[in-house]
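The chain contents come next:
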Amino acid sequence: MVVGEVRPIVHVGDPVLHHPCEPVTRFDGELAALVDDMFASMYAADGVGLAANQIGVPLRVFIYDCPDAEGVNHKGVVVNPTLELPGLGERRLDPDEEGCLSVPGQFAPLPRPDHATVHGFDAAGEPVTVSGTGLLARCLQHETDHLDGYLYIDRLPTKRRKQVLAAYEQAKAAKEDISPL
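Residues numbered from 1 in each chain as written. Predicted model: local features only at pLDDT ≥ 70, side-chain atom pairs only at ≥ 80, totals over all residues. Heavy atoms only, no water.

Participant: What is the right way to look at the pattern of salt bridges in this model?
Facilitator: Any two side chains of opposite charge can pair, so long as their charged atoms come close to each other. Tallied over the full model, the rule gives twelve salt bridges. For the salt bridge of Arg-26 with Glu-30, the shortest nitrogen-to-oxygen distance reads 3.5 Å. Take Arg-26 and Glu-30: they sit in the same class, and that class is exposed. The shortest N-O distance in the salt bridge between Asp-154 and Arg-161 comes to 3.1 Å. Relative accessible area serves as the criterion here: at 29%, Asp-154 is assigned to the partly exposed category. (Salt bridge = Lys/Arg side-chain N within 4 Å of Asp/Glu carboxyl O. Buried < 20%, exposed > 50% of the residue type's maximum accessible area, 1.4 Å probe, protein only.)

Participant: Explain the environment of Cys-66 here, please?
Facilitator: Assignment of secondary structure puts Cys-66 in strand β2 (residues 61-67). Exposure remark for Cys-66: the relative accessible area of 0% places this residue in the buried category. Put simply, Cys-66 and Leu-156 are 90 residues apart on the chain and 23 Å apart in space, counted from C-alpha to C-alpha. In contact with Cys-66, other than residues within four places in its own chain, are Val-48, Val-72, Asn-73, His-74, Leu-135, Leu-136 and Cys-139. (Helix = DSSP H or I, 4+ residues; strand = E, 2+ residues; numbered from the N terminus. Contact = heavy atoms within 4.5 Å.)

Participant: Hey, could you run me through the sheet that holds strand β1 (residues 49-51) in this one?
Facilitator: Working definition: the strands of a sheet are paired by backbone hydrogen bonds and lie parallel or antiparallel to each other. With antiparallel pairing, five strands are arranged side by side in an open sheet as β1-β2-β3-β8-β9. On the outer flanks of this sheet lie β1 and β9 (127-133), each paired with one strand and no other. Going from strand to strand, the sheet's axes swing by 35° on average, the running direction of each strand aside. In this structure, strand β8 (residues 115-121) lies alongside β9, joined through seven bridges in antiparallel fashion. Considered in β9, the bridge of His-115 is made with Thr-133. Its contacts with the sheet place helix α1 (residues 29-44) against β1, β2 and β3 (73-84), and it is angled at close to 40° to β2. (Pairing = 2+ DSSP bridges. Axes fitted to C-alpha atoms, helices over the stretch in contact; angles between N-to-C directions.)

Participant: For this particular structure, what's the right way to read the packing of aromatic side chains?
Facilitator: Centre distance and the angle of the planes are the two values used to describe a pair of aromatic rings. Applying the stated criterion across every chain yields a total of three aromatic pairs. For the pair Phe-62 and Tyr-64, a centre-to-centre distance of 6.3 Å together with 55° between the ring planes defines the contact as tilted. The pair formed by Phe-62 and Tyr-64 is uniform in burial state, with each residue classed as buried. Its guanidinium or amino end placed over the ring of Phe-39, Lys-75 lies 5.0 Å from that ring's centre, counting from NZ or CZ. (Phe/Tyr/Trp six-rings, centres within 6.5 Å; stacked < 30°, edge-to-face > 60°. Lys NZ or Arg CZ within 6 Å of the ring centre and 35° of its normal.)

Shown next, in the form of structure tokens:
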């Protein structure tokens, strides 16, 4: 059972997505309610991860519920994360496609390290470390990027980024053109 209120997902272009988020300083009922709302919103949108700024809250919090490279599912919350990636000599890139709930319907290949670790806190303020491979590694990097004010499209080559944004705008315009009878 999911508790929490489903909040609308903020889309590319909204300023809250393009600025670094503020650190969380209070681990209280308000933060717990935010996390509940984030899970409800992520599940309603069929996502595997969600950053607080994607629902308009500029705080350094993200949630995840996704599998690693071995298919083992992981679920949790990370507050005030710091991302740790393998050194250049140890780094292997995963070339898979990436998408984002804030750029709905659009996907593009984006090489990312195939292993990632975040250090931070859980919703109660207890230290937490999450390491992942596969989709989980991608998710940890993607959500930390959000909290730093970046979308996955900001990591794409300029030409590909423009193509993704044009396709997004075209799909958005087509959806707006559909009027109810």
